[in-house]
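Observations on chain architecture
The primary structure of each chain is shown beneath.
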Amino acid sequence: MLLPKEITAKAKSLRPSLASAKPGSIRPQDTGILLGTLGERGPEVRASWEDVAVAIMAPRSGKTTSLAVPSILSAPGPVLLTSNKAAGDAYTATVDARSATGRVWTMDPQQIAHTEQAMWWDPLHDARDLPGARRLAGHFVTASVDASNATDFWSTAAANTLTALFLAAGADGRPITDVLGWLAQPADRAPIDILKANGLTAIAAQLQGTVSGAVETRDGIYETARQYAACLLDPGIAVWVTPSDTLPEFKPADFATSRDTLFLLSKDGGGSASALIAAAADSVMRSAVVQAERDGGRLDPPLLCILDEAANVCKIQDLPDLYSHLGSRGVIPITILQSYRQGQKCWGEAGMDAMWSAATIKVLGSGIDDADFADKLSRLVGEHDVESISHSTSESGRSTSTSMRQERILPPDQIRALPKGKALLLATGIKPALLQLRPWYKEPGAAAIGKASAAQTAAITDRARAKAGAAA
Ligand SMILES: Nc1ncnc2c1ncn2[C@@H]1O[C@H](COP(=O)(O)OP(=O)(O)O)[C@@H](O)[C@H]1O
Ligand SMILES: [Mg+2]
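Each value, and the rule that gives it
Residues numbered from 1 in each chain as written. Chains lettered and ligands numbered in written order. Predicted model: local features only at pLDDT ≥ 70, side-chain atom pairs only at ≥ 80, totals over all residues. Heavy atoms only, no water. UniProt positions renumbered as here; feature names shortened; annotations may be inferred. Helix = DSSP H or I, 4+ residues; strand = E, 2+ residues; numbered from the N terminus. Salt bridge = Lys/Arg side-chain N within 4 Å of Asp/Glu carboxyl O. Core = buried A, V, L, I, M, F, W, Y, C linked by side-chain atoms within 4.5 Å. Buried < 20%, exposed > 50% of the residue type's maximum accessible area, 1.4 Å probe, protein only. Domains from an automatic or database assignment. Contact = heavy atoms within 4.5 Å. Axes fitted to C-alpha atoms, helices over the stretch in contact; angles between N-to-C directions. Parallel < 35°, antiparallel > 145°, perpendicular 65-115°, else oblique. Left-handed = near helix turned anticlockwise from the far one by under 90°. Expected span 1.5 Å × (residues − 1). Bend = angle between axes of the 7 residues up to and from the residue. Phe/Tyr/Trp six-rings, centres within 6.5 Å; stacked < 30°, edge-to-face > 60°. Lys NZ or Arg CZ within 6 Å of the ring centre and 35° of its normal. Pairing = 2+ DSSP bridges.

Structural notes on the UniProt feature "domain: TraD/TraG TraM recognition site" (unreviewed entry) in the chain
- This chain's UniProt record puts "domain: TraD/TraG TraM recognition site" (unreviewed entry) on residues 302-420.
- Each end of residues 302-420 is marked by a C-alpha atom, and these two atoms are 30 Å apart; helix forms 39% of the span and strand 34%.

As structure tokens, this is what we get:
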């Protein structure tokens, strides 16, 4: 399914723009995303333009250099990258090359790359209906608490309150930062009046109920909501999501049909901008699906979404659900995690299980140190028959008997001992395979990319120094 001939045929069926091209004239990178080679020097193995992937490898085992960077460099269409690093990472290695393909949008509210602000994005654009506002509120909750704590009373009530306030701000054409004022003053009637004036009477009544409820309860709910929205208090962060007269607005709907690149950079943890990063990535993927439906089903060229460090900076709550329909729309997510457990912590056991099952491509690299997970993988790879010969001696002489027994093809200890640069590929419809990864720095053209990456990294340092100098 994933070898050159099959992947080319598949690309022709998935991408109308390639349908009439002669197979020999299609560039390999247009046929799918390179995952590695089969064995040391075997054929190239690619994910198709309807696959959805999850990659799990320990830190420094090649997630960014072997998956994120090469797939971004060869992407035929728009690209989205989330990351918590810039210098010497995917951002610096790809930003120059991608500027040649289309426009580069960098959202860097926490100054990971010390990028000067050259865009703004409106998170409330998608929050003009109840499901959209609820999703946006969900991003703030998920960025702050683990899946196991997101469903208690205070979390749920705070999420409902944020939903109502986002909805009110969106309905009234206000910036998202106006919500901070309402959170600080629960007695302010403005959001309730706006909701009513916009026919959102049930939500208005619910918000009214919270505001006029027992004071301790109300204050508890509002304080929880304030904690979730705390990153917006930072003016350096807020400015990226507040309308600007001079800077261009990033519009997810236009992005889907562009050849542009969106770099979404954030630190990890509570109070970080990761809620906004997740919200932006979510908005991009959903807008792309809507666009694909308008375009007759699939985006061509497809949208590549590299969710690097996803459990740290891109905790989209319903990513597991999204997985079941993104691929068929030409929106190709690659969620990159350090361990299965990291995914469980972020999406809950059931959520991670759902994402794992929905992923048509699973890439498992070195450093899997979780015994249960290694055993699960070993069982997925399956068993084979092994002939076993036993000798016995009896009064009638020596005899030899042959029996068959079942053995794991890849025992758990071998999975845990996978060397750096190798990965196990589990893909729907094909036998498990051992891949040789292909980091960008060992590919043709590495010298130029290395040089560009070093220059970009130096530029980050310069910008950081200039700021420190200006502040001193
Ligand atoms: N340009 C390069 N040349 C040689 N090795 C590199 C280069 N860039 C990164 N590496 C090495 O590749 C390994 C994998 O890095 P990376 O893909 O960033 O890991 P991660 O899985 O944490 O994303 C690291 O050990 C790193 O030192
Ligand atoms: Mg990395």
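A closer look at the pattern of salt bridges
- As enumerated under the stated definition, the model contains 24 salt bridges in all.
- Notably, a salt bridge pairs Asp282 with Arg286, separated by 2.8 Å at the nearest N-O pair. Placement of the pair is Asp282 and Arg286 together in helix H13 (residues 274-294), with a separation of 4 residues, close to one helical turn.
- With a closest N to O distance of 3.4 Å, Glu293 and Arg329 form a salt bridge. Note that Glu293 is positioned in helix H13 and Arg329 in the loop between helix H15 (319-326) and strand E8 (331-337), a separation of 36 residues in sequence.

Remarks on the nonpolar core
- Of all hydrophobic cores here, the largest spans 98 residues; its most connected members are Ile56, Phe140, Leu162, Phe166 and Met285.
- If one sorts the elements of this core by residue count, H13 sits on top with 12 residues.
- Split by domain, this core shows at least three residues from each of two domains, domain 1 (32-112 + 253-366 + 420-471) and domain 2 (124-236).
- Leaving out residues up to four positions away in the same chain, Ile56 has contacts with Leu337, Gln338, Ser339, Tyr340, Met352, Trp356, Val363, Leu364, Gly365, Ile368 and Phe373.
- In terms of nonpolar packing, the next biggest core, distinct from the first, is built from 45 residues, Leu2, Ala11, Leu425 and Ala427 among them.

Description of the side chain of Thr8
- Relative to the assigned elements, Thr8 resides in helix H1 (residues 4-14).
- Residue class for Thr8 comes out buried when judged on its relative accessible area of 15%.
- Dropping the residues within four chain positions of it, Thr8 is found in contact with Pro23, Ile26 and Thr31.

Describing the packing of H15 against helix H16 (residues 340-358)
- At their nearest, the axes of H15 and H16 sit 8 Å apart, and the two run at 15° to each other. Of the possible angle classes, the one that applies to H15 and H16 is roughly parallel. H16 is crossed by H15, and the crossing has left-handed handedness. Between H15 and H16, the residues in contact are Leu319, Pro320, Tyr323 and Ser324 and Trp347, Gly351, Ala354, Met355 and Ala358, respectively.

What about helix H4 (residues 90-101)?
- Look at H4: 16 Å from first C-alpha to last across 12 residues, which is about the 16 Å you get at 1.5 Å a residue.
- Looking at H4, one finds that the buried residues are Ala90, Tyr91, Thr92, Ala93, Thr94, Val95 and Arg98.

Some details on H16
- For H16, spanning 19 residues, the distance from its first C-alpha to its last is only 15 Å, which falls clearly below the expected 27 Å at 1.5 Å a residue.
- Bending of H16 peaks at approximately 115° at the position of Trp347.
- Among the residues making up H16, those that are buried are Tyr340, Gln342, Gly343, Cys346, Trp347, Gly348, Gly351, Met352, Met355 and Trp356.

Comments concerning unusual backbone geometry
- The omega torsion of the bond from Asp300 to Pro301 falls at 0°, within 30 degrees of zero and hence cis.
- Locating Pro301 in the fold gives a position in the loop between H13 and strand E7 (303-307).
- Of note in this structure, Arg60 is not a glycine but carries a positive phi near 60°.
- Looking at the element boundaries, Arg60 is found in the loop between strand E3 (53-56) and helix H3 (63-73).
- Positive phi is not limited to glycine here, since Gln111 has a value of about 60°.
- One can find Gln111 in the loop between strand E5 (104-107) and helix H5 (130-144).
- Owing to a relative accessible area of 22%, Gln111 belongs among the partly exposed residues under this scheme.

A look at the packing of aromatic side chains
- Throughout the structure, instances matching the rule amount to 9 aromatic pairs.
- The interplanar angle of 80° and the centroid separation of 4.9 Å between the aromatic rings of Phe153 and Trp154 together place this pair among those described as edge-to-face.
- One aromatic cluster in this structure is built from Trp105, Phe250 and Phe255.
- Taking the ring centre of Trp105 as reference, the NZ or CZ of Arg103 above it sits at 4.3 Å.
- Here Lys362 stacks its cationic end above the ring of Trp356, 5.3 Å away from the centre of that ring.

Focus: the sheet that holds E5
- In space, the 11 strands of this open sheet follow the order E2-E1-E13-E12-E9-E3-E8-E7-E4-E6-E5, with mixed pairing throughout. Two strands lie at the open edges of the sheet, namely strand E2 (44-47) and E5, each paired on one side alone. Averaged over all neighbouring strand pairs, the angle between strand axes comes to 25°, with direction disregarded.
- Taken together, the 4 bridges between strand E9 (residues 361-364) and strand E12 (residues 422-427) define a ladder with antiparallel strand orientation. What sits directly across from Leu364, in E12, is Leu424.
- Sheet strands touched by H15: E3, E7 and E8. Its angle to E8, the strand with the most contacts, is close to 140°.

A closer look at the pairing of E7
- Taken across its 5 residues, E7 has 5 buried, putting it largely inside the fold.
- Of the two faces of E7, the one carrying Leu303, Cys305 and Leu307 and the one carrying Leu304 and Ile306 are both buried.
- As paired strands, strand E4 (residues 79-83) and E7 are joined by 4 bridges and run parallel to one another. Across the sheet, the residue bridging to Leu81 is Ile306, located in E7.
- For E7 and E8, the ladder comprises 5 bridges, and the chain directions are parallel. Looking at E8, one finds that Leu307 is bridged to Thr335.

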